[in-house]
Amino acid sequence: LGLLLSAVYLILRNMFSPLVLSAFIVTILAILTGGLHLDGFIDSVDGLFGGKNKDDILRIMKEHNVGAFGVIGVVCLLMLKFVLIGSLSEDIFAKTIFIIPVLSRSSMSFVLLLTPSSKSNGLGSVFAGKRKDMYWLAPVLISYLLAVLLFGVKGNFIIFFVLLFALIMRGYFLRKIGGVTGDTLGMLNELVEVFVLFCVEVFA
C-alpha cells in the first residue's frame, strides 16, 4: 500500500496541486482496502458513542445501519486525512504516505499481541490474544527500521508516540468492551493513519 501510494504521488506530482493529490491518495487508499477499515471505524464510533454497556456497544457494531455518530466521525476523519496530507511539504510527501499504512498496520499487530478478543467469534477473535510474540512483533520491528531509515532520529519519536497512542486506544477498548473486535481494529488503523500525520507535522 505504501509503495503504491508513493508511486501515485511520484507519477502525478507535476500534474496536480498537493490538495488534488491528497484527494487522490485518500480515495485510492480507501479503494485498495475495500473500505474495510473505514467500515470498522464507522461501526465502532456508532457503538462506542451510542452504546451504554458492552453488550449494547457490540450489538450496535453488528448492525448494518449507519448512525449519526458514524457519519460525523468518518466525515471528520476523512477531512483530517485530506488536510494533513495536502499540507505535507514536497520533501517529505512521498515518504510520509509510504509510512502511513506501514505504521497503522503494525499498530494493529502490536495491539493484537497484547489484547484478548471481546467476542468469541468475528474477525478479531481469529487473531486477538494469540501469543505468537515474534509473529506479531515482526511488523513493529520492520516499521521501526523503516521509520528511522526514512526520517532519521525523528523516526524514533514518531514510532514511540504512535505505539503509545495504540496503547492508549487499547486501554480504551479494554475499558469499554473488554478487548478488541475486527471493527475496533479497523478504527485503530484509521486513527493511527491520522495520528502518524500529526506526528510528522510535529517532528519531521
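Our structure's up above, just so we're on the same page.
A few words on the overall build of the chain. When you go through the chain residue by residue, the secondary structure sums to 10 helices and zero strands. Counting from the amino terminus, helix and strand elements in the chain follow one another as α-α-α-α-α-α-α-α-α-α. Taking 204 residues into account, the globule formula puts the C-alpha radius of gyration at 17 Å, and the chain, at 17 Å, falls close to it. With respect to the principal axes defined by its C-alpha atoms, the chain has extents near 50 × 40 × 25 Å. With 204 residues in all, the chain has 47% of them scored as buried.

Let us look at the packing of aromatic side chains. Tallied over the full model, the rule gives eight aromatic pairs. Pairing Phe-49 with Phe-69 gives two aromatic rings, centres 6.1 Å apart and planes at 35 degrees, and the pair type is tilted. One end of the pair, Phe-49, is in helix 3 (residues 36–50); the other, Phe-69, is in helix 5 (residues 68–86), and 20 residues separate them in sequence. Overall, the relative accessible area of 43% leaves Phe-69 in the partly exposed class. Between Phe-161 and Phe-203 the ring centres are 5.4 Å apart and the planes differ by 20 degrees, which places this aromatic pair in the stacked class. Of this pair, Phe-161 sits in helix 9 (residues 154–177) while Phe-203 sits in helix 10 (residues 182–203), and the two are 42 residues apart along the sequence. Accessibility expressed as a relative area gives 23% for Phe-203, which makes it partly exposed. Here the aromatic cluster, defined as three or more aromatic residues joined through ring pairs, consists of Phe-157, Phe-160, Phe-161 and Phe-203.

Glancing now at helix 4 (residues 54–62). Regarding helix 4, the residues found buried are Asp-56, Ile-57, Leu-58, Ile-60 and Met-61. Looking at the packing, one finds that the buried side of helix 4 touches helix 3, helix 9 and helix 10. For helix 4, the N-terminal cap is Asn-53; the gap from its side-chain oxygen to the backbone nitrogen of Asp-55 is 3.2 Å.

Okay, the nonpolar core next. Ile-85, Leu-88, Ile-97, Leu-188 and Val-196 are the most contacted members of the largest nonpolar core, which totals 56 residues. When residues in this core are grouped by element, the largest group, 13 residues, is from helix 6 (residues 90–114). Residues contacting Val-196, with those up to four places away along its chain left out, are Ile-99, Ile-100, Leu-103 and Val-162.

What counts, and at which threshold
Residues numbered from 1 in each chain as written. Predicted model: local features only at pLDDT ≥ 70, side-chain atom pairs only at ≥ 80, totals over all residues. Heavy atoms only, no water. Helix = DSSP H or I, 4+ residues; strand = E, 2+ residues; numbered from the N terminus. Rg over C-alpha atoms; globule rule 2.2 N^0.38 Å. Buried < 20%, exposed > 50% of the residue type's maximum accessible area, 1.4 Å probe, protein only. Phe/Tyr/Trp six-rings, centres within 6.5 Å; stacked < 30°, edge-to-face > 60°. Contact = heavy atoms within 4.5 Å. Polar contact = N/O pair within 3.5 Å; in protein donor to acceptor, adjacent residues only side chain to side chain. Core = buried A, V, L, I, M, F, W, Y, C linked by side-chain atoms within 4.5 Å.

Scope: geometric values only; no functional claims are made or implied.
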